[in-house]
Amino acid sequence: MSLSGKNSIAGELSAEGSDVFFSVDPRNKTTGSLPFYNATRAEVDRAVNAAAAAFGEIRHYPSSKIAGFLDEAAEQIEALGDDLLHTADSETGLGLPRLTGERARTTGQIRAFANLLREGAYLRAIINTEGPGQPAIKQMQFPLGPVAVFAASNFPFAFAVAGGDSASALAAGCPIVVKAHPGHPATSELFAGAINAAVAAQGFPAGTFSLLQGNGINVGQWLVAHEAIEAVGFTGSLRGGRAIYDAASRRPRPIPVYAEMGSVNPVVITQAALAARADEIADGLVGSVTMGTGQFCTNPGLILLEDSGASRDFISAVTEKMEAAPAGILLNESIAAGLNSAVSDTVTHPQIEVLTGAEAISESDYFCYRNTVMQTTAAAIRNDDRLQVEHFGPVTLFVVCAGAEDLKSTVDALEGNLTTTVHAEESELESIGGLLHQLREKAGRVIWNGFPTGVAVVHAMQHGGPYPATTAPGTTSVGMNAIYRFMRPIAFQNVPEALLPPALQDANPLGILRLVDDVYTDEAV
Ligand code: NAP
């Protein structure tokens, strides 16, 4: 597919502005020749207005029709073939094996939403029949309306134009307007072509999907401020996510912002775990910290353990392994600069000791940073929130606690995270419960004897957590429950059968599982 560098608005290419930017290959820092056009305010308006018009139609579509569209989108993405992989590789440096896996995850999650829709119970139909002094009340989930999606830099497929936010919003029945990430504009345009092809093939209104390019905050700000946008999905930095959340709150009619932002994913390692398998944990930890050059929101960035000889040996072993691991390629200049700035800030703290790294490798042909290990005290973490910032790269910080009580009070002082992890032994099951429940309060996912990188796309997954990990701790951006961010329940009271959607009609024509008078059943009422 040939690239245009233009925005894709309701199926039409558009380049009204003169402000352009270019792709950069992170492997050799060379700039591409194709200009990408920053969307203008008028183009943003056009995309959102088209989405609003499309919603007028899509909101009446049965789940089966939307499922067919999602399957078609997955096929169209696959039809992009190796061109997609090579384009993304040249814009992100992530490598073909990783990108091949990420493509499978991306089409897999789109198809998983199609299956969810065909199964039907996701509509959460609830019926309370009329009784003495009680009206008939029937409730189900409905789509919210046009959704703004901000693509992430670090997952050019799975959290980007056709990633989890887009798939879940489309599955909910919402048109989407995607703000492409400027780190991979060509990849984004390829995805736009695939989704537009699915829109056309399935006879959906053209405004179901638009893609806006941009390398400054204007496009995103205009998008969030547009009165017809009903919700926002975002993956990126705490600063960006918070700015978008604040912009949405300033609107005359505020809207929900589902922002997945920074996380340091604390890991607690007990002395018994170290005694039993220090080498294995060290290998797993280094693998997790350096995976994807550390550019994962689930990167284990804070490791808590009690002070002991075993802990000191463990920290030395991890430091040596981090030194020995090759420095990977960072996604782009902005990530490299952000990492440099975050670590530089942290090392100014008097209680931070750098064990290895903490510097950019500026002589390199590619964007990279030394694998970094730092150490601090429990008191320092408790007394200074700035030590809990995300270092988005191959960086981890050991927190050495004076003893069990010091560790517990430090866990209490942790901010919200996507995950928390504990490494412990079976022999500690009786004593470790309190700590596990403390860790539970700090995150959306608690991991036992594993590592937080690698997020399975399954029904039970929870990828979210208390602020600052997200702006909406009751939701997830991975897994099937992600769809509920873009739906809302509506209850009908004493509304005649003929006016109710099929999911709420007594005969249950869809044959779906419903909660009828407090009992789950797929029978007719
Ligand atoms: P980002 O700076 O948060 O940007 C993400 C998207 O939001 C981009 O499209 C960006 O647009 C837009 N944006 C940022 N600030 C905005 C604002 N004030 N108003 C409107 N739109 C705004 O994230 P990034 O570029 O991917 O990476 C930067 C840093 O984010 C990294 O160094 C890392 O610390 C963090 N990060 C975290 C995660 C995570 O999952 N936790 C993932 C990726 C990155 P423009 O770029 O066009 O301005």
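Residues numbered from 1 in each chain as written. Predicted model: local features only at pLDDT ≥ 70, side-chain atom pairs only at ≥ 80, totals over all residues. Heavy atoms only, no water.

Undergrad: Even after reading the chapter, I still don't get the packing of aromatic side chains, so can you show me in this structure?
TA: Within this structure, the stated rule accounts for 10 aromatic pairs. Between F69 and F204 the ring centres are 4.5 Å apart and the planes differ by 20°, which places this aromatic pair in the stacked class. Taken together, the residues F69 in helix α2 (residues 63-79) and F204 in the loop between α6 (185-201) and β11 (209-212) connect sequence positions 135 residues apart. Each member of the pair F69 and F204 is classed as buried. Centre to centre, the rings of F314 and F398 are 6.1 Å apart; their planes meet at 90°, and the pair counts as edge-to-face. In this pair, F314 is assigned in helix α10 (residues 309-324) and F398 in strand β18 (residues 395-401), connecting sequence segments 84 residues apart. Relative accessible area serves as the criterion here: at 0%, F398 is assigned to the buried category. Three or more aromatic residues joined by ring pairs make a cluster, and in this case those are Y61, F69 and F204. (Phe/Tyr/Trp six-rings, centres within 6.5 Å; stacked < 30°, edge-to-face > 60°. Helix = DSSP H or I, 4+ residues; strand = E, 2+ residues; numbered from the N terminus. Buried < 20%, exposed > 50% of the residue type's maximum accessible area, 1.4 Å probe, protein only.)

Undergrad: Is there a simple way to think about unusual backbone geometry in this case?
TA: Where the residue is not glycine, phi is negative for most of them; where a peptide bond is considered, it is trans in most cases. Cis geometry is found at the peptide bond from Y467 to P468, where omega equals 10°. Positive phi, close to 55°, is recorded for T293, a residue that is not glycine. Mapped onto the elements of the fold, T293 is located in the loop between α9 (271-290) and β15 (302-306). Since its relative accessible area comes to 10%, T293 is described here as buried. The backbone of A358 sits at a positive phi, close to 65°, despite the residue not being glycine. In this structure A358 comes out as partly exposed when scored by relative accessible area, which is 23%.

Undergrad: Even after reading the chapter, I still don't get helix α3 (residues 82-92), so can you show me in this structure?
TA: Each turn of an α-helix holds 3.6 residues, which means side chains three or four residues apart point in the same direction. Residues of α3 that are buried: L84, L85, T87, A88, D89, E91 and T92. Residues of α3 that are buried sit in contact with β4 (24-25), α2, α4 (96-119) and α6. Phi turns positive, to about 70°, at G93, one or two residues after α3. (Contact = heavy atoms within 4.5 Å.)

Undergrad: I keep staring at the sheet that holds strand β20 (residues 445-448) and nothing clicks. Help me out?
TA: Within a sheet, neighbouring strands are paired by backbone hydrogen bonds and run either parallel or antiparallel to one another. With mixed pairing, 7 strands are arranged side by side in an open sheet as β16-β17-β18-β15-β14-β19-β20. For this open sheet the edge positions go to β16 (353-356) and β20, each flanked by a neighbour on one side alone. Across the sheet, the axes of successive neighbouring strands diverge by a mean angle of 20°, strand direction being ignored. As paired elements, strand β14 (residues 267-269) and β15 share 2 bridges and run parallel to each other. Within β15, the position partnered with V267 by the bridge is I303. On top of the sheet, α9 reaches β14, β15, β18 and β19 (419-423); it is set at about 150° to β14, its chief contact. Sitting on the sheet, α10 touches β14, β15, β16, β17 (372-377) and β18, and the angle it makes with β16 is about 55°. (Pairing = 2+ DSSP bridges. Axes fitted to C-alpha atoms, helices over the stretch in contact; angles between N-to-C directions.)

Undergrad: Honestly, the packing of α3 against α6 in this entry has me stumped. Any pointers?
TA: Packed helices, taken two at a time, are described by the angle between their axes plus the distance between the axes. Between α3 and α6, whose axes approach to 8 Å, the crossing angle comes to 155°. Here α6 runs roughly antiparallel to α3, going by the angle between their axes. Here α3 contributes D83, L84, T87, A88 and E91 to the contact with α6, which in turn contributes P185, A186, T187, L190 and F191. Here the residues of the contact of α3 with α6 sort into 6 nonpolar, 2 polar and 2 charged. (Parallel < 35°, antiparallel > 145°, perpendicular 65-115°, else oblique. Nonpolar A, V, L, I, M, F, W, Y, C, P; charged D, E, K, R; others polar.)

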